[in-house]
Structures are given as C-alpha cells and as structure tokens.
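Structural overview for review
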Amino acid sequence: MAFRGKEMMKKMIKKVGENNLAPGVKEQLKKCIPDSKVVMNRAKRGLYAGRHIQFGNLISEDGGNKSRRSWKPNVQEKRLFSYILDRHIRVKVTTHALRCIDKAGGVDEYLLKTPYHKMDTEMGLYWKAKIEKMYEELGQREVVFFSPEDEAKFEQGFKDLKLAEREARRDARRQMYGWSGKQEEIEDGRTSQDSYDETANAGDDSSDGDLHKQWVANS
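A brief structural summary. On a predicted model such as this, the values are computed, not experimentally measured, just so you know. (Residues numbered from 1 in each chain as written. Predicted model: local features only at pLDDT ≥ 70, side-chain atom pairs only at ≥ 80, totals over all residues. Heavy atoms only, no water.)

Given two aromatic rings, one states the distance between the centres and the angle between the planes to describe the pair. In this structure the tally under the stated criterion is two aromatic pairs. When the ring of Phe 81 is compared with that of Tyr 83, the centres are 5.1 Å apart and the planes differ by 85°; the resulting orientation is edge-to-face. A residue is classified by how much of its surface remains accessible, and Phe 81, at 31% relative accessible area, is partly exposed. Judged by relative accessible area, Tyr 83 falls into the exposed class, the value being 61%. In this arrangement the basic side chain of Lys 128 is found over the ring face of Tyr 116, its NZ or CZ atom lying 4.9 Å from the centre. (Phe/Tyr/Trp six-rings, centres within 6.5 Å; stacked < 30°, edge-to-face > 60°. Buried < 20%, exposed > 50% of the residue type's maximum accessible area, 1.4 Å probe, protein only. Lys NZ or Arg CZ within 6 Å of the ring centre and 35° of its normal.)

What follows is the structure in structure tokens.
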C-alpha cells in the first residue's frame, strides 16, 4: 500500500500545486497519507469522516454457520455552501460527516478544524489544502472601509454599468438581426395597442367636437 500512498501524494500535489501549498502542509500530507489502510476506490470522491465499508460474518442462530457479508455507510449526495469559494459544492457525504459539518458550523470550518490524519479521503485532503491556502491569502489582504457617500457612488456606478451593458446588448441584437421599428417600440415598452388606443381616443374627441359645433349651429 506504500505505492498507493505515493500515488495519492502525487495527485494531491498536482491538483493543488506545490507552490500553492501553505508552509508545512506538504510535510503534514506526507505523514497523514494512509499507506497501510485499505480505502475503497469511491473514497476519492467524497467526505466520509472515517466511515467506510466494513466486512464481517453473518452467523445463523441454529447451527452457528458463518457467511460473509458487508456493511456499507449511508452515503448521500448533497450541495454544501462554501463561504470562501462563494458557491455550492456538490459532494457525496455520509450522514456522520453531515453531523460533523453541522457541529463545526459549515464545510469550511469542518475542513479547517479536522486534522490531516483524520481526513482519510483524497477529495477531503484536496479541499482542505486548497481552502487553507485561500484563507491564508485572505488573511494577508488589507481591509479598507468606505464612507456611506463612497458606497452610494459605487452602487450608482454599478447601476450605470449594468444599464450600459444592457444597451450594448440591445444594439448588438439590432445590428445582428436588423430589427424593425415595431420591434424597437416593443423594446422601449410601447406596443401597437397603446398607439391604437391613442388614435381611437383622438377620433372620439374630434367626433365629439364636431357634434358640439353642429348643435350650436342648429340652435
């Protein structure tokens, strides 16, 4: 199994990147990669918190006959939200791992608090090393506070940028498809029904004026 441990180490370094590892993480990974523990192939693709397939005997009540059997963990596919990545992670986890994640306060906290020698899956080691590196980079950033006036300016700038992008997309669609004037009216919020109502109202007003003039002349 030492060969398998070396292969796991190579994959971890290749995925994370040797230059992206936090100081001392590489030595901890070498110590904690399982060399003698039999880990199933599916363990590369999930967080199981030490729960794996177990093997034993099924003993009959009458004659004490033994037959081999296995116990599989309760594995569920879940979407866990990571605050440092700002997105959901779709991962296979055991119910025991879900309880551990809830107790820790989130998947990021679980990966940070769990030591390397208890993280016995390749996926767990990969995410733990990656998140540790991202939190280390986050700690080195400078924090800047803005006044309410500056925040209002930033919000207005974002709104103007969205409006400019929307207008650019509209112009691109017009150039690509050669939209007619009617379609432009639809884009601007004016429909043919509104124009029809306006003409109808104008016609009613003119007819009312003519009737009034005729009535005055007759009188």
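The next thing to look at is the nonpolar core. Counting 23 residues, the largest nonpolar core has Leu 47, Leu 80, Val 91, Val 93, Tyr 110, Leu 111 and Trp 127 as the members making the most contacts within it. Of all the elements in the fold, those that place two or more residues in this core are β5 (87-94), α3 (95-104), α4 (107-113) and α5 (122-139). Looking at this core element by element, the count peaks at six residues for α5. Residue contacts for Trp 127: discarding those within four places in its chain leaves Leu 85, Arg 87, Ile 89 and Leu 111. (Core = buried A, V, L, I, M, F, W, Y, C linked by side-chain atoms within 4.5 Å. Helix = DSSP H or I, 4+ residues; strand = E, 2+ residues; numbered from the N terminus. Contact = heavy atoms within 4.5 Å.)

Locating Asp 108 in the fold gives a position in helix α4. For Asp 108, the side chain forms a polar contact with the main-chain nitrogen of Ile 84, separated by 3.2 Å. Apart from residues no more than four positions distant in its own chain, Asp 108 is found in contact with Ser 82, Tyr 83, Ile 84, Ile 131 and Tyr 135. (Polar contact = N/O pair within 3.5 Å; in protein donor to acceptor, adjacent residues only side chain to side chain.)

Consecutive side chains of a regular strand alternate in pointing toward one face of the sheet and then the other. The sheet contact formed by strand β2 (residues 54-59) and strand β3 (residues 66-71) spans six bridges and is antiparallel. The residue of β3 that forms the bridge with Asn 57 is Arg 68. (Pairing = 2+ DSSP bridges.)

Before going further, it helps to examine the sheet that holds β5. The three strands lie next to each other as β1-β5-β4, forming an open sheet whose pairing is mixed. Two strands lie at the open edges of the sheet, namely β1 (46-47) and β4 (75-82), each paired on one side alone. Bridging between β4 and β5 involves eight bridges; their strand directions are antiparallel. Bridging from a neighbouring strand, Glu 77 pairs with Lys 92 of β5.

Time to look at a nonpolar patch on the surface. Side chains of Val 144, Phe 146, Phe 154 and Phe 158 sit close together on the surface and give an oily, nonpolar patch of about 430 Å² of accessible area. Along the chain, the position of Phe 154 falls in helix α6 (residues 148-177). (Patch = residues over 30% accessible without salt bridge, like charges linked within 9 Å, V, L, I, M, F, W, Y side chains within 5 Å. Areas by Shrake-Rupley, 256 points an atom, 1.4 Å probe, with all protein chains shown as cover. Salt bridge = Lys/Arg side-chain N within 4 Å of Asp/Glu carboxyl O.)

That is the geometry; function is a separate question.
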